Amino acid sequence: MAPAVLHATDVVAVNHEDGRVACSNFNLVGDRIFSGDSVRASIRINGRDTDLIMLQNVQDQCFEFPGGSLVPDDGILAGLSLSHGLNTVEFHITPKGSTGEGVTASASLWLWSASDRIAVVDIDGTITKSDVRGLFANFFTGGADNHEGVADAISYVAGKGYRILYLTARPISMATETRKYLESVSKMPDGALITQQHGGIMRALTSKHDEFKISALGQIQALFQAETFASDFVCDPQGSVFAGGFGNAVTDILAYAHAGIARTHIFVADTSSRITNLESGNAFQSYTGLQPHLDDFFPGKDSHPFWAAPVPEMLNVLYAL
């Protein structure tokens, strides 16, 4: 039998002026159930041991903090001296009866400021030219055929001061391969990677992607506003932390609109690499063609407020396609 494997998505944490640090879910899943009672995962952050532990939930096939939450108790992260920006997270399990080094998964914890604004980027069909083929090419070969100029365009947005959130309906079992693909193969800019929590590829393909993305964006948005996020949080388009979104499917558009991204700031890629602005219908031949116009949509922090964008007519979004 092949050795057990752990999978983890990235975590987004937001540092508030009052010293509070709010964070998204710590999603940790094994590719099988670890035998033994009270199987626990210890957590190291930036190479240092912490008091954080997660316990195996056999029924849900995931790991949770004591008490059943996917988020640590209030105040714990604030006391860990996190670095602004990228922090490394390591989850470690030593299965019962194991004589080896155990099982480890790595992820990133991104500490952002409450004043930051985010550009959301889908992966399959948005970075890759093909939706399903991009997924399977990445899974089997580690690579994929990308849209022309996508890395330069998204890097330009990141260079203007926007945080990048890679939001994909890929399963958590592909998180490690996806990070390698974004960093080494595609040369995309640094950013947080959020995948679906379950691990099966076929389940990921057949799940309701819009519901997953609406939920994920709702949680991220709430980190910037509330002391604790609510699962039924509804985003306020006038106060959205999301400055723009890049996608390729109706599910992306629906999720971005629900998160309060203005239609003027939603860009849709097709299989020919044409990039269309949802509001105006203006099409660019590629991300390379779009890049000279990005200043109009993603001005720098010194230009005017990130949120100075038209409020989207969210109820009309599906009828505009």
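Everything below is about the structure printed above this text.
It should be emphasised that the depicted structure is a prediction, and the values quoted were computed from it without experimental measurement.

Definitions and limits used
Residues numbered from 1 in each chain as written. Predicted model: local features only at pLDDT ≥ 70, side-chain atom pairs only at ≥ 80, totals over all residues. Heavy atoms only, no water. Salt bridge = Lys/Arg side-chain N within 4 Å of Asp/Glu carboxyl O. Buried < 20%, exposed > 50% of the residue type's maximum accessible area, 1.4 Å probe, protein only. Core = buried A, V, L, I, M, F, W, Y, C linked by side-chain atoms within 4.5 Å. Helix = DSSP H or I, 4+ residues; strand = E, 2+ residues; numbered from the N terminus. Contact = heavy atoms within 4.5 Å. Pairing = 2+ DSSP bridges. Phe/Tyr/Trp six-rings, centres within 6.5 Å; stacked < 30°, edge-to-face > 60°. Arc of directions from axis to C-beta. Expected span 1.5 Å × (residues − 1).

Chemist: Sorry, what's going on with the pattern of salt bridges here?
Modeler: Side-chain pairs of opposite charge can arise whenever the charged atoms involved come near each other. For the coordinates displayed, the defined rule picks out 13 salt bridges. In this structure, aspartate 49 engages arginine 44 in a salt bridge whose closest nitrogen and oxygen atoms are separated by 2.6 Å. The exposure class assigned to aspartate 49 is exposed, which follows from its relative accessible area of 61%. You can call arginine 44 partly exposed: its relative accessible area is 30%.

Chemist: Sorry, what's going on with the nonpolar core here?
Modeler: Nonpolar side chains tend to gather and get buried jointly when the protein is soluble and globular. By size, the foremost hydrophobic cluster in this structure holds 30 residues, and its most contacted members are Phe26, Leu28, Ile43, Met54, Phe63, Leu77 and Phe91. Those elements that provide at least two residues to this core are β1 (6-8), β2 (11-15), β3 (21-23), β5 (40-45), β6 (48-57), β8 (85-93) and β9 (103-113). The element best represented in this core is β9, accounting for five residues. In contact with isoleucine 43, other than residues within four places in its own chain, are Phe26, Arg48, Asp49, Thr50, Leu52, Met54, Phe65, Val89, Glu90 and Phe91.

Chemist: Whenever I open this one, the environment of alanine 119 confuses me. Can you help?
Modeler: You can see alanine 119 is positioned in strand β10 (residues 118-121). Given the relative accessible area of 1%, alanine 119 is considered buried. For the pair formed by alanine 119 and arginine 163, sequence separation is 44 residues and the distance between their alpha carbons is 6.1 Å. Not counting residues within four places of it along the chain, the set of residues in contact with alanine 119 comprises Val157, Arg163, Ile164, Leu165, Gly244 and Phe298.

Chemist: Would you mind showing me how to read the sheet that holds strand β14 (residues 266-269) here?
Modeler: The strands making up a sheet associate through backbone hydrogen bonding, with each pair oriented either parallel or antiparallel. Strand order in the open sheet formed by seven strands is β12-β11-β10-β13-β14-β15-β16, and the pairing between neighbours is mixed. Looking along the sheet, the strands with just one partner apiece sit at the ends: β12 (192-196) and β16 (283-284).

Chemist: Got a minute to help me understand the side chain of asparagine 57 in this structure?
Modeler: With respect to the element layout, asparagine 57 can be found in strand β6. By relative accessible area, asparagine 57 is classed as buried at 16%. Ignoring any residue separated from it by four or fewer positions in sequence, one finds asparagine 57 in contact with Cys62, Phe63 and Glu64.

Chemist: I'm lost on the packing of aromatic side chains in this one. Help?
Modeler: To describe a pair of aromatic rings, you give the distance between the ring centres and the angle between the ring planes. A complete count under the given rule lists seven aromatic pairs for this structure. Ring centres of phenylalanine 26 and phenylalanine 91 lie 6.4 Å apart, and the angle between their planes is 85°; on these two criteria the pair is classed as edge-to-face. With phenylalanine 26 in the loop between β3 and β4 (28-30) and phenylalanine 91 in strand β8, the pair connects residues that are 65 residues apart, well separated along the chain. When sorted by exposure, phenylalanine 26 lands in the same class as phenylalanine 91, which is buried. On the basis of an interplanar angle of 40° and a centroid distance of 6.3 Å, the ring pair of phenylalanine 246 and tyrosine 287 is categorised as tilted. Taken together, the residues span a long stretch of sequence, with phenylalanine 246 in strand β13 (residues 242-247) and tyrosine 287 in helix α7 (residues 287-290) at a distance of 41 residues. In this structure phenylalanine 246 comes out as buried when scored by relative accessible area, which is 2%.

Chemist: When you look at helix α3 (residues 175-185) in this model, what are you seeing that I'm missing?
Modeler: Since the α-helix packs 3.6 residues into each turn, any two residues three or four apart lie on the same face. Considered for burial, the residues of α3 that qualify are Ala175, Thr178, Arg179, Tyr181 and Leu182. Along the long axis of α3, the arc covered by the buried residues comes to 160°, so they all point the same way. A positive backbone phi angle near 60° is found at lysine 187, which sits one or two residues after α3.

Chemist: Can you help me understand helix α5 (residues 209-223) in this one?
Modeler: Compared with the 21 Å implied by 1.5 Å per residue over 15 residues, the 22 Å span of α5 between its first and last C-alpha is a close match. Taken across its 15 residues, α5 has eleven buried, putting it largely inside the fold. Regarding α5, the residues found buried are Asp210, Phe212, Lys213, Ala216, Leu217, Gly218, Gln219, Ile220, Gln221, Ala222 and Leu223.

The analysis is restricted to geometry; functional conclusions fall outside its scope.
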